[in-house]
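Read off the chains here:
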Amino acid sequence: MPSTVPSSVGRSAESVSLRFPTGFVWGAATASFQIEGATTVDGRTDSIWDEFCRRPGAVANGDTGEPAADHYRRFRDDVALMSTLGLGAYRFSVAWPRVRPSGGPENERGLDFYDRLVDRLLAAGISPWATLYHWDLPQALEDSGGWASRDTAFRFAEYAESVVRRLGDRVAGWQTLNEPWCSAFAGYASGRHAPGVTSPSAAVAAVHHLLLGHGLAMERIRSFAPDVPAGITLNLFPVRAASPADEDAARRVDGLQNRVFLDPVLRGAYPADVLDDLTPYGLPALVRDGDLSVIGAPIDLLGVNYYRALLVAAPVDPDPAPTEWVGVEGVRFLLSGRPRTDVGWEVQPDGLTDLLVRLHDEYPRLPLYITENGAAYPDVLGEDGVVRDNDRIAYVDGHLRAAHAAIRHGVDLRGYFCWSLLDNLEWAEGYAKRFGLVHVDFETQRRTVKESARWYAGVIAQGGLAAE
């Protein structure tokens, strides 16, 4: 059963000096394949991640999505746990292979699960925020070309309509895609993620078709949930050149990581330099009449996933191994000497301020939400039943202060979703990397609220942070 959280976290409301705006959304996030399990239940068919997990060596320790955190069966307890933490919102993703198995007709049993989840959240006073695609493409559609095929964008729109027709009257916010960079470049260029393809041209095709799918899905959201805020979630990184000699490499990395998604969505066009960089891989030929007007139609919000900044140096000896960095193969990413998380990412909260201010200053202004931010650490469940994850508390505290600094600059930041609510299957890293506010024993499925969750509950209750 969920643990309870004490009402006091050791400081008074009067000690809170960094207050977030009234109505600020405090939440946590998860993704369907990472937590649900039940991969063959109620008509669900394989996703690309089910197939990828079967590939020898693809996922650490041979881990799979079964049973993950068994959320499909335990969602009621998980919602009760969210309530004890005082979460105002929960960002989850819908599993395409549950709703339209093999990319085909609707599956009522799959839709029924999300009906029950949304209703349970609302009964607990928690706003449901739904992401339509968090990387679990039906394997049958990958067999027909996947995101490298233009047809997949239209199949995605059909799936989006199925979900929005069913849940549109109760969801508080919609995101079409989560981190299309990962789907395209990690999935189709380096093969580090599902579907494990290593083709730069396929990755570039996937970029355009994912964005087209976003635009087509937005049309369906506008049709069936016209009053609900909707947008897209991008993983964005500040990019800095290590020296003047590295400026062009940094420009290319910024183009691939950030601008190839931001500019079509927010400005209705690909950046000219990125088009030039990706011409050898076919990007201009992929764009048909009307595509960019679909992709660039207005959105209501932008979801920002932030984990670190990038310090870039130019290639010296290009590595022949498959890479995400199409057109800048062999680019080097340097460390700046800061502390690192359990996945090796440097802790750089100031980069979040820089990123949010850049979005505010350089792009059409619209509400921003931090839809993912968090850290993996080697959490240990003590004999006393406590997980003392002070590193995670420091990480989230620093990033919330960075977010507050952006608000003081004038950034219209309206919410923060901590990644992740639960320890889960961390994609190719398997179950070894723990991002959760809540510890999960994957053998027993016992949940234990970590000290970071108790701390975060206090921040939510008081609407801000104490002075440093």
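Residues numbered from 1 in each chain as written. Predicted model: local features only at pLDDT ≥ 70, side-chain atom pairs only at ≥ 80, totals over all residues. Heavy atoms only, no water.

Structural notes on the overall build of the protein
Scanning the protein from terminus to terminus reveals 16 helices and 15 strands. Against the compact-globule benchmark of 23 Å for 468 residues, the protein has a radius of gyration of 21 Å, which places it among compact chains. A principal-axis box enclosing the C-alpha atoms of the protein has dimensions of 60 × 55 × 45 Å. The proportion of buried residues among the 468 residues of the protein is 61%. Here the analysis covers contacts within the protein between residues at least 6 apart in sequence; of these, 77% occur between residues at least 24 apart. In the structure as shown, the protein presents an accessible area of about 16,900 Å², 49% of it carried by carbon and sulfur atoms. Once the 45 positive and 62 negative side-chain charges of the protein are each reduced to a mean point, those two points are 3 Å apart. (Helix = DSSP H or I, 4+ residues; strand = E, 2+ residues; numbered from the N terminus. Rg over C-alpha atoms; globule rule 2.2 N^0.38 Å. Buried < 20%, exposed > 50% of the residue type's maximum accessible area, 1.4 Å probe, protein only. Contact = heavy atoms within 4.5 Å. Areas by Shrake-Rupley, 256 points an atom, 1.4 Å probe, with all protein chains shown as cover. Lys, Arg positive; Asp, Glu negative; His and termini not counted. Charge placed at Lys NZ, Arg CZ, Asp CG, Glu CD.)

Some thoughts on helix α14 (residues 349-362)
For α14, spanning 14 residues, the distance from its first C-alpha to its last is 20 Å, which sits close to the expected 20 Å at 1.5 Å a residue. By the burial criterion, the buried members of α14 are Gly351, Leu352, Thr353, Leu355, Leu356, Val357, Leu359 and His360. In this structure, the buried side of α14 is in contact with α10 (247-267), β8 (301-305), β11 (368-372), α15 (390-409) and β12 (413-419). (Expected span 1.5 Å × (residues − 1).)

A closer look at the pattern of salt bridges
Scanning the model with the defined rule gives 42 salt bridges in all. The partner of Arg166 in a salt bridge is Asp112, and the shortest N-O contact between them spans 3.0 Å. Of this pair, Arg166 sits in helix α7 (residues 151-167) while Asp112 sits in helix α5 (residues 108-123), and the two are 54 residues apart along the sequence. Look at Asp112 and you get partly exposed, because its relative accessible area is 28%. Residue Arg392 is joined to Asp379 by a salt bridge in which the shortest nitrogen-to-oxygen separation is 3.0 Å. With a gap of 13 residues between them, Arg392 in helix α15 and Asp379 in the loop between β11 and α15 connect regions that are remote in the sequence. In terms of burial, Arg392 and Asp379 fall into one category: buried. (Salt bridge = Lys/Arg side-chain N within 4 Å of Asp/Glu carboxyl O.)

Examining the side chain of Asn235
Here Asn235 is to be found in strand β6 (residues 230-235). With relative accessibility at 6%, the residue Asn235 sits in the buried group. With near-sequence residues (within four places) excluded, Asn235 lies in contact with Glu179, Trp181, Cys182, Gln257, Asn258 and Asn305.

Notes on the packing of aromatic side chains
Taken as a whole and judged by the stated rule, the model has 32 aromatic pairs. Ring geometry for Phe20 versus Phe24: centroids 4.8 Å apart, planes at 45 degrees, classification tilted. Of the two residues, Phe20 and Phe24, neither departs from the other in class, the shared state being buried. With a centroid separation of 6.3 Å and an interplanar angle of 55 degrees, the aromatic rings of Trp345 and Phe435 are classed as tilted. (Phe/Tyr/Trp six-rings, centres within 6.5 Å; stacked < 30°, edge-to-face > 60°.)

Focus on the confidence of the model for the protein
Of the residues in the protein, 97% reach a pLDDT of 70 or more, and the chain-wide mean stands at 95. In this model, residues 1-14 is a region of pLDDT below 50 whose contacts with residues beyond four sequence positions or in other chains number 27 contacts. (pLDDT = per-residue confidence, 0-100.)

Focus: the sheet that holds strand β10 (residues 332-334)
Spatial strand order, β7-β9-β10: 3 strands in an open sheet with mixed pairing. The two strands at the open ends of the sheet, each matched to only one other strand, are β7 (239-241) and β10. Here the strands of the sheet are splayed against their neighbours by 40 degrees on average, with no regard to which way each runs. Strands in contact with α10 are β7, β9 (310-313) and β10; relative to β7, the strand with the most contacts, it is inclined by about 170 degrees. (Pairing = 2+ DSSP bridges. Axes fitted to C-alpha atoms, helices over the stretch in contact; angles between N-to-C directions.)

Focus on the sheet that holds strand β4 (residues 127-133)
An order of β2-β3-β4-β5-β6-β8-β11-β12 is seen for the 8 strands of this closed barrel, with the pairing classed as parallel. Averaged over all neighbouring strand pairs, the angle between strand axes comes to 25 degrees, with direction disregarded. Pairing analysis gives 5 bridges linking β6 to β8, with the strands arranged parallel. Of the residues in β8, the one forming a bridge with Leu234 is Val304. Docked against the sheet, α15 engages β2 (25-29), β11 and β12, running at close to 165 degrees with respect to β12.

What to know about the nonpolar core
If you look at the biggest cluster of nonpolar residues, it comprises 156 residues, and the most contacted ones within it are Trp49, Tyr133, Trp174, Phe185 and Leu302. Among the elements that make up this core, the one with the highest residue count is helix α9 (residues 200-224) (11 residues). The contact partners of Trp49, leaving out residues within four places of it in the chain, are Phe33, Val59, Trp135, His193, Ala194, Trp427 and Ala428. (Core = buried A, V, L, I, M, F, W, Y, C linked by side-chain atoms within 4.5 Å.)

Topic: the environment of His209
With respect to the helices and strands, His209 occurs in helix α9. Separated by 29 residues in the primary sequence, His209 and Pro180 have C-alpha atoms spaced 10.0 Å apart.

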